[in-house]
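An overview of the molecular structure
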Amino acid sequence: MKRSFGLPLLYCWLSLSTAALAQGFEYFPGTKYDPAIPTLKAVVGHEWGERITAHHELERYLRALEAAAGQRLKVVKYGETWEGRALYYLVIGSPENLARLDEIKAGMQRLADPRALAPAEAQKLISTLPSIVWLVCSVHGNEISSTDAGLLAAYHLLAAQGDEISTAAARNSLVLIDPLQNPDGRDRFINYFRQTMGRWPDGDLQSAEHNEVWPSGRVNHYLFDMNRDWFAQTQPETRGRARAFLEWFPQVVADLHEMGTESSYYFAPPALPWNPNLTRAQLDWLGRFGRNNARWFDRFRFDYFTRENYDSFYPGYGEGWPMFHGAIGMTYEQASVRGLVARRADETTMRYRDSVHHHFVAALSTVEHTAQHREALLRYFYDYRRTAVEEGAREAVKEYIITPGSDASRAARMAAMLMQSGVEVKRADAAFSNPRARDYFDEQARAREFPAGSYVVSLAQPAKRLAKTLMDKRTDQDKEFIDEQRLRNQRRQPEEFYDVTAWSLPLLFDLPCYMAEQVSAGQLTLLKEPPRAAGSVRGGRAGLAYIIAWGTQAAAAALGDLFRQEVRVHSSDKAFKLGGTSFPPGTLILKTRDNPGDLHDRVTRLAAEHGVEVHATDSAWVEEGVNFGSSNVRYLPRPRVALAYNTPTSANSAGWVRYLIEQRYGYPVTTVRTEQLRGLDLSRYNVLILPDTSAGYTAALGEVNKLREWVQGGGTLVALGGATAWLTEERINLLPTKRERRSKAGGKEEKKEETKEKTEPMPQGRADEPARDASLEKALEPAEEWPSATPGAITRVRIDREHWLGFGYGETATVLVDSNRIFTPLKLDRGTNVALYLPEGKMLVSGLMWDDARRQLPNKAFLMHVPTGRGHVVAFAEDPNYRAFMEGLNLMMLNAVFLGPGH
Ligand SMILES: [Zn+2]
């Protein structure tokens, strides 16, 4: 530790008494602490940085701090994790400010909406409100040091006597600290670490204590990366934080992470690409906060880096989402010890307390800068919100109009998602017209009339920049960055995309949307509560059957519920018309004869709970299509779902699908450890889901014949992403097609593509690029390689609507491509390509895809179905449940799981 951080060298900066040194490690040399404020050791038994503080210990310490310093500290519980652990943030400030927290919140709300604020009132708020900084820690539960640093920062701010930073912070600011964003993940990490540690902590990075088992502590209970969840807010932890943020509107947010053990420390300014909706003022502030951190790090002789690796592009990051509300959002990254001590390649030893120390200093530096620039930050924030409204009014596209289309439940969910993010949404009380509205998907097409129940998102609002980056079809990356990545791609060097390049909500939800260049005139009501689709039972008590049209999220949730209640359900493979209403393929039929006498009460509850429309009928005499007794009307056996859940599955993929089926659609899943698969009694299940994997399942399954026999005996095998690639392997042979290598492009074809590309959104190659030598390039080209990987782009696929896997869909659907997997479509005699990527020129909707993939992916398979004996294989080329935000694909996944056993 001394070699790398040289504490004794600090003598020249602050004179330390040897007595002070003898008392142990000093995080802020020379500080005297008020003995009335308890230390961590006094409450839970270990010194700062001596052990990794667990959630229950953190709770004890927060209670002790509050008891000792209640006038200057408030502990707020803002939510609970899936596993029942409480989430907290601390508010630290002067007793005067603590006594008026509601008034401060109300003031921030007013400042955040300049439309209703006279300039003189704004000035008054700016001169009287404290600046607010929000330090958020350990969203990735195995990134451990920031939680202890957050607690230490709280202690320092409350106990340090005569300390300039603490004094300035109390006078000018409120310091909000969320010491632990992911308690479930952290305790998972700590339990593992404590179980595997020996008599002494082991610095050998190969030791068990440094190598977690699946799933790591990074993710929460449902294995989500919550640092990607900020706009989708699928997880309760994220929803609680977003709610808290929108109450306070902090001007400064630092999200404290950890990175690889061999690294140093990272802080702002960020690397390219920067989201174009960030403002110049924000980038300036990022530079200033970075400079202040650098000043402190130089004093302490801590290494750091800036402007590399960590970008500011995706709006779902913990630093990103707050930026679009006007915060100065920053990611801080500390090299992780992943334990208590780590011996590094540079022959230094890093201890846990060093990592805590670095985060602590960065936290104090951030608090200092926020306090010193109270008024400037508040003025900046007010200007940010004011200019956002003005900018929105000047945009060519002034409004986005979302119509319910064929699924009111999905449209309501999208409106709710925007509202949870603090974006204003209006709903049309009556039909209205707008003469200047272009179709989101086909910009040449226009619509004029919009139905009642449509949602309108105006850009003339304080959250304009968030609304814009979430609703725009494309958010472009910096040309300089793309040019660099293009060169790296050509040279086969690793690219530097940090995350996906597309996320537009109308595409994720796959809903009809329009871009209006004129403000809509009509009766529009600003929503105060997230909307819910209203359901009903039409036609009273049914003598014969209840019918639920397939094709909505509400119907899918109702089916999950019905299965769970063991109600007998049939589903029609053909459309029919009954009592004047048309029902599409997939429609559910609940016969009264088959079911308990209280079926009417049950469907009434379903309608209310899930917002589903139920039709009662006394007659099966259809005007068109098939009758209920047709062989095209199938009984749907209850799915008994097993999910492979352990290495080598991608933890995210396994978690997303489990969350989707259990939490969103209310149906149980049995998780089976992958290594158990070979010994498992598979006959207990009729659906087996193999999540995405980079390794394949051969090692876990051993003999694949057992799996094949189970499928042949009637099983529905659902493969996602990498699992689909594994199924095509020669030895496995459960999917009679192949994963394609990169096709060799002739020079001629390449030229044609480059010309064509000028019409497409992505920036071009550098003008000063040296002339390329085609024969040299050919000589250097690898003999065999995969196509270029696509960094999360959104494409369109066309759907085979006659196939049950395509039920509920229109002609096309949107899918996210986040891999280099390309599958040759199945031959007609081998199975069905239920979804194929659209032809070139129509396929890519948003995000970045390199030329070779753009040429090769069109007309290739996205969703394949292979009947095998009495069962079948359902294979998705990409994970359809990505981050659980691909809302438009939910139904496709549920068709596989809910309808699969019946087909
Ligand atoms: Zn992290």
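Residues numbered from 1 in each chain as written. Predicted model: local features only at pLDDT ≥ 70, side-chain atom pairs only at ≥ 80, totals over all residues. Heavy atoms only, no water.

Looking at the coordination of the zinc ion
Tetrahedral coordination by four donors puts the ideal angle at the metal at 109.5 degrees, and octahedral coordination by six puts it at 90 or 180 degrees. With distances of 2.0 to 2.6 Å, the protein atoms coordinating the zinc ion are His140 (ND1), Glu143 (OE), Glu143 (OE) and His257 (ND1). Classification of the site at the zinc ion rests on its 4 donor atoms, whose angles at the metal span 55 to 155 degrees, yielding the label irregular. All donors to the zinc ion come from one chain, and their sequence spacing reads H-x2-E-x113-H. Judged by its relative accessible area of 4%, Glu143 falls in the buried class. (Donors = N, O, S within 2.8 Å, 3.2 Å for Na, K, Ca; no water. Tetrahedral: all angles 85-135°; square planar, octahedral: opposite > 155°, others 65-115°. Buried < 20%, exposed > 50% of the residue type's maximum accessible area, 1.4 Å probe, protein only.)

Topic: the packing of aromatic side chains
Applying the stated rule across the entire model yields 55 aromatic pairs. Taking 5.6 Å as the distance between ring centres and 40 degrees as the angle between the ring planes, the aromatic pair formed by Trp48 and Tyr155 counts as tilted. Highlighted residues: Trp48 in the loop between helix H3 (40-44) and helix H4 (55-69) and Tyr155 in helix H8 (residues 145-159), separated in sequence by 107 residues. Given a relative accessible area of 12%, Trp48 falls into the buried group. Through a chain of ring-to-ring contacts, three or more aromatic side chains come together here, namely Phe231, Tyr266, Phe305, Tyr310, Phe313, Tyr314, Tyr317, Tyr498, Trp503, Trp656, Tyr882 and Phe885. The ring of Trp296 has Arg299 lying over it, and the distance from NZ or CZ to the ring centre is 4.7 Å. The ring of Tyr440 is capped by Lys473, whose NZ or CZ atom sits 5.5 Å from the centre of that ring. (Phe/Tyr/Trp six-rings, centres within 6.5 Å; stacked < 30°, edge-to-face > 60°. Helix = DSSP H or I, 4+ residues; strand = E, 2+ residues; numbered from the N terminus. Lys NZ or Arg CZ within 6 Å of the ring centre and 35° of its normal.)

Things to note about the sheet that holds strand E25 (residues 581-583)
Judged by pairing direction, the sheet is antiparallel, and its 3 strands sit side by side in the order E25-E24-E28 without closing on themselves. Of all strands in the sheet, those with a lone pairing partner are E25 and strand E28 (624-625), marking the two edges. As paired elements, strand E24 (residues 576-578) and E28 share 2 bridges and run antiparallel to each other. When the sheet's bridge partners are listed, Phe576 is paired in E28 with Gly625. (Pairing = 2+ DSSP bridges.)

Section: the pattern of salt bridges
Within this structure, the stated rule accounts for 62 salt bridges. Two residues, Arg110 and Glu121, come together in a salt bridge whose shortest N-O distance is 2.3 Å. Placement of Arg110 in helix H6 (residues 101-111) and of Glu121 in helix H7 (residues 119-128) is noted, with a sequence separation of 11 residues between them. The closest approach of N and O atoms between Glu566 and Arg638, which form a salt bridge, is 3.8 Å. With a gap of 72 residues between them, Glu566 in the loop between helix H20 (553-564) and strand E23 (570-572) and Arg638 in the loop between strand E29 (633-635) and strand E30 (641-644) connect regions that are remote in the sequence. Residue classification places Arg638 among the partly exposed positions, given a relative accessible area of 34%. When salt bridges that share partners are traced, they join Glu143, Arg218, Asp225, Arg228, Asp499 and Arg883 into one network. (Salt bridge = Lys/Arg side-chain N within 4 Å of Asp/Glu carboxyl O.)

Quick notes on the nonpolar core
Counting residues in each nonpolar core, the largest one holds 263 residues, and the members touching the most others are Leu111, Phe231, Leu505, Ile689, Leu717 and Phe862. It is H8 that contributes the most residues to this core, 9 residues altogether. Apart from the residues within four sequence positions on either side, Leu505 is in contact with Phe231, Met414, Met417, Leu418, Leu470, Met471 and Asp510. (Core = buried A, V, L, I, M, F, W, Y, C linked by side-chain atoms within 4.5 Å. Contact = heavy atoms within 4.5 Å.)

Examining the pairing of strand E26 (residues 588-591)
Alternating residues of E26 divide into Leu588 and Leu590 and Ile589 and Lys591, and every residue in both groups is buried. Two elements, strand E22 (residues 545-548) and E26, share 4 bridges in a ladder whose sense is antiparallel. Residue pairing in the sheet places Tyr546 in a bridge with Leu590 of E26.

A word on the sheet that holds strand E19 (residues 513-516)
Hydrogen bonds between backbone atoms are what pair the strands of a sheet, whose relative direction is either parallel or antiparallel. With antiparallel pairing, the 7 strands of this open sheet are ordered in space as E17-E16-E19-E14-E18-E15-E20. The strands lining the two open edges of the sheet, one partner per strand, are strand E17 (446-450) and strand E20 (524-526). Between one strand axis and the next, the sheet turns through 35 degrees on average, direction left out of account. Here strand E14 (residues 399-402) runs beside E19; their pairing, made up of 4 bridges, is antiparallel. Note that in E19 the partner of Glu399 across the bridge is Ala516. (Axes fitted to C-alpha atoms, helices over the stretch in contact; angles between N-to-C directions.)

Let's talk about the side chain of Ser504
With respect to the helices, strands and loops of the structure, Ser504 is situated in the loop between helix H18 (479-490) and helix H19 (505-509). One polar contact links the side chain of Ser504 to the main-chain carbonyl oxygen of Lys473, over a distance of 2.9 Å. In this structure, Ser504 is in contact with Tyr440, Leu470, Asp472, Lys473, Arg474, Ile794 and Ser846, ignoring residues within four places of it in sequence. (Polar contact = N/O pair within 3.5 Å; in protein donor to acceptor, adjacent residues only side chain to side chain.)

Things to note about the packing of H7 against helix H15 (residues 374-394)
Contact geometry of H7 with H15 gives a least axis separation of 8 Å together with a crossing angle of 145 degrees. Considering how the two elements wind past one another, H7 and H15 form a crossing that is right-handed. Counted together, Pro119, Ala122, Gln123, Ile126, Ser127 and Thr128 of H7 and Arg374, Glu375, Leu378, Arg379 and Tyr382 of H15 form the full contact between these two elements. Of the residues in the contact of H7 with H15, the class split is 5 nonpolar, 3 polar and 3 charged. (Left-handed = near helix turned anticlockwise from the far one by under 90°. Nonpolar A, V, L, I, M, F, W, Y, C, P; charged D, E, K, R; others polar.)

Overview of H6
Here H6 has its buried residues at Leu101, Ile104, Gly107, Met108 and Leu111. All buried residues of H6 fall inside an arc of 120 degrees around its axis, so they share one side. (Arc of directions from axis to C-beta.)

A look at the environment of Ala67
Tracing the backbone shows Ala67 in helix H4. C-alpha of Ala67 to C-alpha of Tyr697: the two residues are 630 residues apart in sequence and 54 Å apart in space.

Here's the deal with the confidence of the model for the chain
Mean pLDDT for the chain: 93, with 94% of residues reaching 70 or above. Across residues 1-23, where pLDDT falls below 50, the model places 36 contacts with residues more than four positions away in sequence or in other chains. Segment residues 746-767 is flagged for pLDDT under 50; beyond a separation of four residues in sequence, or across chains, it makes 36 contacts in the model. (pLDDT = per-residue confidence, 0-100.)

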